[in-house]
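# Close look at the chain arrangement
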Amino acid sequence: LFFTNQDRPGVIGKVGTILGANRINVAGFYLGRESYQGSAVGFVALDSRIPEGVLQELIDSEEIMEAKEIVL
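How each quantity is defined
Residues numbered from 1 in each chain as written. Predicted model: local features only at pLDDT ≥ 70, side-chain atom pairs only at ≥ 80, totals over all residues. Heavy atoms only, no water. Helix = DSSP H or I, 4+ residues; strand = E, 2+ residues; numbered from the N terminus. Buried < 20%, exposed > 50% of the residue type's maximum accessible area, 1.4 Å probe, protein only. Polar contact = N/O pair within 3.5 Å; in protein donor to acceptor, adjacent residues only side chain to side chain. Contact = heavy atoms within 4.5 Å.

With that settled, the discussion passes to the side chain of Asp 7. Along the polypeptide, Asp 7 turns up in the loop between β1 (2-6) and α1 (11-21). Judged by its relative accessible area of 16%, Asp 7 falls in the buried class. A polar contact is formed between the side chain of Asp 7 and the side chain of Arg 33, at a distance of 3.0 Å. Separated by 2.9 Å, the side chain of Asp 7 and the backbone nitrogen of Gln 37 make a polar contact. Ignoring anything within four residues of it in the chain, the contact list for Asp 7 reads Arg 33, Ser 35, Tyr 36, Gln 37, Gly 38 and Ala 40.

Quick look at the structure:
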């Protein structure tokens, strides 16, 4: 999972909660930011694919600006 977001408290927890509620296990979570309270980027290694509805739920979150599934 790749996503961009606003650097605010609670974004990591919100992403984890949405994934966990949909029984998607996180293998690794990597987050970096441009500047304090600016924009940030996240990469989440997952044990399964993301259903379209779950991806849309992430996109619909106020702090998330963009989210895409990347399959390697």
